Amino acid sequence: MTPGGRRVLLVAAVARNGVIGADGAIPWHLPADFAHFKALTLGHTLLMGRATYDSIGRPLPGRTTVVLTRDPAWSAPGVLVAHDLDAALALADDQPEGAEVRVAGGAAVYAAVLDALGADGAGLADEQVVSEVHLEPAGDTTYPAIDPALWREASREPHDGFDVVRWVRR
């Protein structure tokens, strides 16, 4: 949990080979997974890196967007900007959207959240909701490996072309 008591969920679509991106884009088109992402993130604070934001190109409606970037001059209308993970989570903690922060990538942001420790010394992320895409596309960006010593599969929901898997911290 974040210092403000918010739950942190990582939300990702990951191909069988671990790929999440290719040349700044998602290398598949699954409308049902986009709908799942929308349902899971609406009404929450969405935390993402600058490259992920740039690939989307705008703040997503119904969510507060916090963009994590190392560029001190970067800004975009309608988003909150942070330059390190602690500042990004502090901005998220100040938002009224409810009790959960959704982390939407990219790879470096996922890794930073997974590697960070919460105030209780446990990992910062509480859950990972991963759409396991039934493809193996070429790509240049991958999702961090899920360590079964730290995470257990809590549920699996099959869909056409992907499974939604909820991982919880052990």
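Before any of the text, the structure's been laid out above.
What you are looking at is a predicted structure, and each value in this text was computed from that prediction instead of being measured.

In this section: the environment of R102. As for its position among the elements, R102 is in strand β6 (residues 100-103). The spacing of R102 and T65 is 37 residues in sequence and 9.7 Å in space, taken between C-alpha atoms. Not counting chain neighbours up to four residues away, the residues in contact with R102 comprise L9, V11, L40, T41, H44, T45, L46 and L47. A distance of 3.1 Å separates polar atoms of two side chains, one belonging to R102 and the other to H44.

Along the chain, G105 connects to G106 via a cis peptide bond; the corresponding omega equals 0 degrees. Topologically, G106 is positioned in the loop between β6 and α4 (107-115). Of note in this structure, D23 is not a glycine but carries a positive phi near 55 degrees. Note that D23 resides in the loop between β2 (19-21) and α1 (31-41). On the basis of relative accessible area, D23 is assigned to the exposed category, the value being 72%.

Residue position: L46 is located in strand β3 (residues 45-49). By relative accessible area, which is 0% here, L46 ends up buried. In sequence terms L46 and A82 are 36 residues apart; their C-alpha atoms lie 13 Å from each other. Contact partners of L46, with chain neighbours within four places excluded, come to F37, T41, L60, R63, T64, T65, V66, R102 and A104.

Cut-off values and rules
Residues numbered from 1 in each chain as written. Predicted model: local features only at pLDDT ≥ 70, side-chain atom pairs only at ≥ 80, totals over all residues. Heavy atoms only, no water. Helix = DSSP H or I, 4+ residues; strand = E, 2+ residues; numbered from the N terminus. Contact = heavy atoms within 4.5 Å. Polar contact = N/O pair within 3.5 Å; in protein donor to acceptor, adjacent residues only side chain to side chain. Buried < 20%, exposed > 50% of the residue type's maximum accessible area, 1.4 Å probe, protein only.

None of the figures reported here should be taken as evidence of function without further support.
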